[in-house]
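A closer look at the structure
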Amino acid sequence: RRPMADGTIQEVVQNHSSRVGMTPEDLEQSVLEHLFYTCGKDLRSATPLDVYRAISHATRDRLVHRWLQSKRTYFHHEAKRVCYLSAEFLIGRALAQNLLNLGIYHLAETSLDHRGLTLKDILEEELDPGLGNGGLGRLAACFMESLATLQYPAYGYGIRYEFGIFDQEIANGWQVERGDDWLRRGNPWEVPRHELSVGVNFYGRVEARVHVDGTKSMHWVDTQTVIGVPYDTPILGYQNNTVNTLRLWSAKASKEFNFSVFNDGDYRRAVEEKALSESISKVLYPNDESAEGKELRLKQQYFFVACSIADIIRRHKKRFDTLDNLPDQIAIQLNDTHPAIAVAELMRVLIDEESIAWEKAWELTKAATGFTNHTLLPEALEKWPVPMFERLLPRILQIIYEINRRFLLEVHVKWPNDDERKRRLSIIEEGPVKHVRMAHLAVVGSHSVNGVAELHSELVCTQLMPDFHDMWPQRFNNKTNGVTPRRWLLQCNPDLSEALTERISDGWARDLSELTKILEYKDDTEFRAEVRAIKRKNKERLAKVIESRHGFKPNLDSIFDVQVKRLHEYKRQLLNCLHIIALYQDMKENPESDRAPRTFIFGGKAAPGYMMAKLHIKLINDVADIINHDPAIRDRIKVVFLSNYNVSLAEIIIPGADISEQISMAGKEASGTGNMKFAMNGALTVGTLDGANIEIREEVGAENFFLFGLKADEVRGLKGSGYNPNHYIERSPRLRRALDLIASGFFSPDDPSRFQPVVNELRNLDTYMLCADFDDYFRAQFEVDQCYRDPENWTSKVIENLGNIGKFSSDRTIEQYCKEIWNLTPCPIDLTESF
Ligand code: CJB
């Protein structure tokens, strides 16, 4: 046989069974070959890391022909594709997911078993890529998986950060950040594509040139160029042949730039400048929902956007000799404002490089672009100082000014002489220092603007951007978030998955609405017992993690009450903590009180500069320290803060939860996605009417959801009429007592005033209205307690949650984006088709 004779996909597939075959022998052969040729080891000398690398490469081999065929199919069929631009992709570990989606997870398990190895242990060798902060980045990852599963042509575009979100350690109760060197063991999933590198310009100036025919063109000159090198990661659909591409850009110093400096003989400066330009993709900014106005952050944004737009245009021109059909071929989705500069960059390329007239270029840009807003928090809305923008990206600023000039003319036509409205709508914010409002640029340059849950989308129209909504009401729409059931059920909860499949067959993994079939088993005592047994096993798995880190094993009969998410005042981890303290005081006062034992589990990172959030972490840990060691409490309350919450830890925590805490102040959490993952894994929600909680409650039934708290309009009303937390503190002896205990230094005897800022904020401002919601929260938690004592009743609520959670698959979300925004149709991959 002549391997690779002509290199067609079919020929490779036929002749390379050890690389593509799906039999146990093929896979074993493949792993051994990679151990030998990729790692330079034999089985005897192989470490677990070597085995992980070998099996990952063997798995990747099985993606390659599908990947090539996917690209060829899209090209040949001229299939419209979505380009999802996101500064974050929180993809999590790849090996288990790829094995599952290939349908060879069990095969891999048994192959390793033959050699005395356990797949579970090998999976632990993979470092978790933390290329995102939280919900927004994880959503992008779920979307990529759903797009591949539904066989839609899609590219994810982002940044290959060398350091992802920091590793969190807890030292003496405080958060400490450590660098996340996630590439230190290499990354078997990525493929660099040096040949597709792109140059990106910064600084310099704009030169206008008048031509003999009287036309004028703009030239961005004297720039500093940085090279973007793409690294591709395959994204495989669930048990199909679709493999899409996540293309992440890494910054590299440009050669010309280096040489000129080397020629000056200034070697040291050359090295410094090289490091400086390569620092662009060095590290993810760890702020969640608060904009950091640093020049390097703006550089990151323009860097990956410019690379991505260049890549999109290059690929389009390879297929077509016109750009007129660009919006028929691609949909560009902006994941929040971080890539909003794409509007101006696409205009620049069309006008300056492709010589397209402004009007035409603008039509194409708007038709191609959609924008998703993810938050209403004012501090998250990105604004760049004009002077900084002008220095870094002079040509882009010019284009933004022209976009704005034409836009304000439109405003003027609609509302003549309404200068106040123009001021509010303008892309440029006036003031001592002018700012570029990135959300305004994104709305003006898109044909679709969506929020991520019904309430949120409504608030985008009525509170965040009412003037824009007045101007273009048809542009605004909702796409309620979802999560991929392949990772968030099939992979993380194999026992529950099996129990479901046994009853209703395996269709739910592709079509989560099929879970309604499980409602037939609601009263089946055997199924109920099995659901409880599975939860117990998952609690046991979580308890082991807690034991290994905290030195005690939580009581498996206690309610595992979990709040895991980024630390933010609006998410109100502090409200949870106040409930714990109040419960503790109740128990101390009344030792015989009959309450179900609880294990309170927290996890989440605080932005390194967010002092109040860090103080909340310390408070939770100090409270844990006192309560966990109080002999009077025995096993009835335990509090644990699990450090370094990330995707892989979530995969263990979520299946082990009884209670899901979704307790943000109403109107602040755009959607939430953890809420969906918990309900999908058999936890009951304690929550406010915020974000997607509202829709979850609608789906699973009000009687299966522990609701409390003010509604969004009540929050607004109270704020409007002058909110005073003392009004509530005076009326709630429990709340008063809890606050007094913190203020007394009881939890911080080494530094009694440590938590004074926490107490002061609650007593004086209480920005997130914990005091107003406290009593109702306590009541809801008491209901939880009562309900948990009746296991049959509890289990029936759990099953109602499971059976009605289908809406929250990201497959449903993606279908809506494809139909209502992107106008995409599926493009299935047939491996036997040759082009
Ligand atoms: N979100 O994670 C972030 N970061 C931001 O900067 C802004 C919003 C979250 O996005 C999620 C996905 O849409 C939402 O579910 C979540 O409510 C929101 O806070």
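About the criteria used
Per chain, residues are indexed from 1 in the order of the written sequence. Only residues with pLDDT of at least 70 are given local features in this predicted model, and only at 80 or more are side-chain atom pairs given and counted; all residues enter the totals for whole chains, interfaces and linings. For the purposes of this entry, the term helix denotes a DSSP run of H or I that reaches at least four residues, the term strand denotes a run of E that reaches at least two, and both are numbered from the N terminus. For a compact globule the rule gives 2.2 Å times the number of residues to the power 0.38, and the radius of gyration it is set against comes from C-alpha atoms. With C-beta atoms placed from the backbone, a residue counts as buried when 20 or more other C-beta atoms lie within 10 Å of its own, as exposed when 12 or fewer do, and as partly exposed for counts between those limits. All residues are tested the same way: a C-beta atom is placed from the backbone, and lying within 6 Å of a molecule or strand makes the residue near it. Residues are sorted three ways: Asp, Glu, Lys and Arg are charged, Ala, Val, Leu, Ile, Met, Phe, Trp, Tyr, Cys and Pro are nonpolar, and all the rest, Gly among them, are polar. Domain segmentation is taken from an automatic or database assignment of domains. Only C-alpha atoms enter the line fits that serve as axes; for helices the fit covers just the stretch in contact. Angles between N-to-C directions range over 0 to 180 degrees. In what follows, roughly perpendicular refers to angles from 65 to 115 degrees, roughly parallel to angles under 35, roughly antiparallel to angles over 145, and oblique to any angle outside these ranges. Here a crossing is taken to be left-handed if its near helix is turned anticlockwise relative to the far helix by less than a right angle, and right-handed if that turn runs clockwise. This entry defines residue contacts through backbone-placed C-beta atoms, with two residues in contact when those atoms are within 7 Å. UniProt positions are given in the numbering used here, feature names are shortened, and annotations may be inferred rather than shown by experiment. At least two bridges found by DSSP between two strands is the condition for calling them paired. A set of buried Ala, Val, Leu, Ile, Met, Phe, Trp, Tyr and Cys residues, joined to one another through C-beta atoms within 7 Å, is what we call a nonpolar core. The arc under discussion is defined with respect to the helix axis, by the directions toward the C-beta atoms. Each residue carries a pLDDT score, the predictor's confidence in it, ranging from 0 to 100.

Observations concerning the overall build of the chain
Secondary structure summary: the chain contains 35 helices and 23 strands in total. For 835 residues, the compact-globule estimate of 2.2 N^0.38 gives 28 Å, and the C-alpha radius of gyration of the chain, at 28 Å, lies within 12% of that figure. Projected onto its principal axes, the C-alpha positions of the chain cover 95 × 80 × 60 Å. In the chain, buried positions account for 50% of the 835 residues.

Regarding the site of the ligand
Around the ligand sit 18 residues in total, of which Gly-135, Leu-136, His-374, Ala-670 and Ser-671 are the nearest. Within the shell around the ligand, the residues separate by chemical class into five nonpolar, ten polar and three charged. Counting contributing residues per domain, the shell around the ligand is built from domain 1 (78-93 + 128-479) and domain 2 (490-710 + 773-805), each supplying no fewer than three.

As for the packing of helix H11 (residues 295-319) against helix H13 (residues 342-353)
Viewed as axis vectors pointing N to C, H11 and H13 meet at an angle of 45°, and their least axial separation amounts to 10 Å. By the angle between their axes, H11 is oblique relative to H13. As H11 runs across H13, the sense of the crossing is right-handed. Across from Val-305, Ala-306, Ile-309 and Ile-313 in H11, the residues of H13 making contact are Ala-342, Glu-345, Leu-346 and Val-349. Its residues assigned to classes, the contact of H11 with H13 comprises seven nonpolar, no polar and one charged.

Regarding the UniProt feature "modified residue: N6-(pyridoxal phosphate)lysine" (unreviewed entry) in the chain
UniProt tags Lys-677 as "modified residue: N6-(pyridoxal phosphate)lysine" (unreviewed entry). Overall, the presence of 30 C-beta atoms within 10 Å leaves Lys-677 in the buried class. Non-local contacts of Lys-677, meaning those with residues more than four positions away in its chain, are made with Val-483, Trp-488 and Ile-654.

Here we look at the packing of helix H3 (residues 24-37) against helix H4 (residues 48-77)
For the pair H3 and H4, the least separation of the axes is 8 Å and the interaxial angle reads 125°. Taken as axis vectors, H3 and H4 run oblique relative to one another. Here the hand of the crossing between H3 and H4 comes out right-handed. Of the residues in H4, those touching H3 at Leu-27, Ser-30, Val-31, His-34 and Leu-35 are Asp-50, Ala-54, Ile-55, His-57, Ala-58 and Asp-61. Across the contact of H3 with H4, the residue classes tally to six nonpolar, three polar and two charged.

Things to note about the pairing of strand E4 (residues 174-178)
Taken together, the five bridges between strand E3 (residues 167-171) and E4 define a ladder with antiparallel strand orientation. Among the inter-strand pairings, Glu-169 is bridged to a residue of E4, identified as Val-176. Connecting E3 to the next strand, E4, in antiparallel fashion are two residues, including Asn-172 with a positive phi near 55°.

Looking at the environment of Asn-681
Secondary-structure assignment places Asn-681 in the loop between helix H27 (674-680) and strand E22 (684-687). Placed 120 residues apart in sequence, Asn-681 and Asn-801 show a C-alpha to C-alpha distance of 8.9 Å.

Considering the nonpolar core
Membership of the largest hydrophobic core comes to 230 residues, with the highest contact counts inside it found for Phe-303, Ala-342, Leu-441, Leu-578 and Val-623. When near neighbours in sequence (up to four residues on either side) are disregarded, Leu-578 contacts Leu-735, Ala-738, Leu-770 and Phe-774.

Looking at the sheet that holds strand E13 (residues 383-385)
On the basis of which strands lie adjacent, the open sheet formed by three strands has the order E13-E15-E14 and antiparallel pairing. Two strands lie at the open edges of the sheet, namely E13 and strand E14 (428-429), each paired on one side alone. Relative to strand E15 (residues 435-437), E13 runs antiparallel, the two being bridged by three bridges. Considered in E15, the bridge of Trp-384 is made with Val-436.

What about helix H19 (residues 454-464)?
When we look at burial in H19, the residues that qualify are Leu-455, His-456, Ser-457, Leu-459 and Val-460. Buried residues along H19 sit in contact with strand E16 (448-451), strand E17 (476-478), helix H28 (693-700) and helix H29 (712-720).

Observations regarding the domain arrangement of the chain
Each domain of the chain was delimited in the assignment, giving domain 1 (78-93 + 128-479) and domain 2 (490-710 + 773-805). Placing the centre of domain 1 and that of domain 2 at their C-alpha centroids yields a distance of 36 Å. If you look at the interface, domain 1 gives 37 residues, while domain 2 gives 29 residues. Among the residues forming the side of domain 1 that touches domain 2, the class breakdown is 13 nonpolar, 15 polar and nine charged.

Side note on the sheet that holds E22
Strand order in the open sheet formed by six strands is E20-E19-E18-E21-E22-E23, and the pairing between neighbours is parallel. If you trace the sheet from one side to the other, it starts and ends with strand E20 (637-642) and strand E23 (706-707), each paired once. Pairing of strand E19 (residues 598-603) with E20, which is carried by six bridges, proceeds in the parallel orientation. Paired with Phe-602 across the strands is Phe-641, a residue of E20. In this fold helix H25 (residues 611-628) packs onto E19 and E20, with an angle of close to 145° to the strand it touches most, E20.

A short note on helix H6 (residues 105-114)
Here H6 has its buried residues at Ala-108, Ser-111 and Leu-112. Buried residues of H6, seen end-on, are gathered within an arc of 95° and therefore sit on one face of the element. Residues of H6 that are exposed and point more than 90 degrees away from the buried face comprise His-106, Thr-110, Asp-113 and His-114. Packing partners of the buried residues in H6 comprise H3, H4, helix H5 (95-102) and helix H7 (119-123). Count one or two residues on from H6 and you reach Gly-116, which has phi positive near 75°.

Concerning the environment of Ala-772
Among the structural elements, Ala-772 can be located in helix H33 (residues 770-788). Residue classification places Ala-772 among the buried positions, given that 21 C-beta atoms sit within 10 Å. It is 20 Å that separates the C-alpha atoms of Ala-772 and Ile-694, two residues lying 78 residues apart in sequence. When sequence neighbours within four positions are dropped, the list of residues in contact with Ala-772 reads Leu-710, Leu-718 and Tyr-728.

Re the pairing of strand E12 (residues 369-372)
Of the two faces of E12, both are covered, the one formed by Thr-369 and Phe-371 as well as the one formed by Gly-370 and Thr-372. The pairing of strand E11 (residues 330-335) with E12 spans four bridges and is classified as parallel. Within the sheet, the bridge partner assigned to Gln-333 lies in E12 and is Gly-370.

Re the confidence of the model for the chain
In this model, the chain carries a mean pLDDT of 96, and residues with pLDDT of at least 70 account for 98%. In the predicted assembly, ipTM is 0.99 and pTM is 0.98.

Let's talk about unusual backbone geometry
Of note, Glu-78 is a non-glycine position whose phi angle comes to about 50°, a positive value. Phi is positive for Arg-634, which is not a glycine, with a value near 50°. For Arg-634, the position within the fold is in the loop between H25 and E20.

Examining the environment of Ser-18
With respect to the helices and strands, the residue Ser-18 is situated in helix H2 (residues 17-20). Sequence separation between Ser-18 and Arg-62 is 44 residues, and the spatial gap between their C-alpha atoms is 9.5 Å. The residues touching Ser-18, leaving out its near neighbours within four places in the chain, are Asp-26, Gln-29, Ser-30 and Glu-33.

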